[in-house]
Amino acid sequence: MIQSYVFRETSVSGFPENFHAKKQYRLEVYKLANIKSAKKRILVIETKTLRNKMVKSKVKTLTKKVEAAVAAADKNAAATALKNAVVAIDKAAAKGIFHKNTAARKVSRLSKAVNKMA
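Every chain is numbered independently, its residues counted from 1 as its sequence is written. Reporting of local features is limited, given that this is a predicted model, to residues whose pLDDT is at least 70; pairs of side-chain atoms are given and counted only at 80 or more, and all residues count toward the totals for whole chains, interfaces and linings. Here the side-chain values reflect all heavy atoms present in the structure, with hydrogen atoms and water set aside.

Novice: What exactly am I supposed to notice about the overall build of the chain here?
Specialist: A helix here means a DSSP run of H or I that spans at least four residues, while a strand means a run of E at least two residues long, and both kinds are numbered starting from the N terminus. Tallying secondary structure elements over the chain gives 3 helices and 2 strands in all. Traced from its N-terminal end to its C-terminal end, the chain shows the element sequence β-β-α-α-α. When accessible area is computed with a 1.4 Å probe and restricted to protein chains, residues below 20% of their type maximum are described as buried, those above 50% as exposed, and intermediate ones as partly exposed. Within the chain, the fraction of its 118 residues that count as buried is 26%.

Printed below as a string of structure tokens:
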């Protein structure tokens, strides 16, 4: 099978400046895509995948902050971290990154851990 390698200069607008450089060179491998729309879908999916990874990483970080505050028995910090985590999880569910039941389960587990402290 012949693979075509295309070097394209792309900007990753929409992402924070510290996430990527403004322009980067990517190696695009089109294995089966011969149609223009299929090639475009590859690029769009790659962009969406990056965005989804960014949001999931943020949710994981905020979840760890809640768990750390619970482990340290700091009620105020845990409540603040819980509020931030719930907002991020709900936004991710609204965008379709998490299923609504997964989001509800995550929020429930975090809330249960914080409420046990009281």
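Now that the structure has been shown, the text picks up again.
Novice: Honestly, the packing of helix H2 (residues 75–94) against helix H3 (residues 100–116) in this entry has me stumped. Any pointers?
Specialist: Geometrically, a packed helix pair is captured by the angle between its two axes and the distance between the axes. Between H2 and H3, the least distance of the axes is 10 Å, while the angle of their chain directions is 175°. Put simply, H2 runs roughly antiparallel to H3. Of the residues in H3, those in contact with Ala 78, Leu 82, Ala 85, Val 86, Ile 89, Asp 90 and Ala 93 of H2 are Ala 103, Lys 106, Val 107, Leu 110, Ser 111 and Val 114. Grouping the amino acids of the contact of H2 with H3 by side-chain chemistry returns 10 nonpolar, 1 polar and 2 charged. Under this scheme, a helix contributes an axis fitted over its contacting stretch, all axes are lines through C-alpha atoms, and angles between N-to-C directions fall in the 0 to 180 degree range. Note that the term roughly parallel is reserved for angles under 35 degrees, roughly antiparallel for angles over 145, roughly perpendicular for angles of 65 to 115, and oblique for everything else. Whether two residues touch is decided by their heavy atoms; if any such pair falls within 4.5 Å, the residues are in contact. We call Asp, Glu, Lys and Arg charged. Ala, Val, Leu, Ile, Met, Phe, Trp, Tyr, Cys and Pro are nonpolar, and the rest, Gly among them, are polar.

Novice: Looking at this structure, I do not really get the environment of Ala 81. What am I missing?
Specialist: Note that Ala 81 resides in helix H2. Judged by relative accessible area, which is 12%, Ala 81 ranks as buried. Between the C-alpha atom of Ala 81 and that of Lys 65, which follows or precedes it by 16 residues, the distance is 6.3 Å. Contacts of Ala 81, omitting those with residues within four sequence positions, involve Lys 65 and Val 66.

Novice: Explain the side chain of Thr 63 to me, please; I cannot follow it from the model alone.
Specialist: Residue placement: Thr 63 occurs in helix H1 (residues 36–71). Judged by relative accessible area, which is 17%, Thr 63 ranks as buried. In protein, a polar contact requires one atom able to donate a hydrogen and another able to accept it; more generally it is a pair of N or O atoms within 3.5 Å, and residues adjacent in sequence count only if both atoms are side-chain atoms. Of note is the side chain of Thr 63, whose polar atom sits 2.7 Å from the backbone oxygen of Val 59.

Keep in mind that these numbers describe shape and distance, not what the molecule does.
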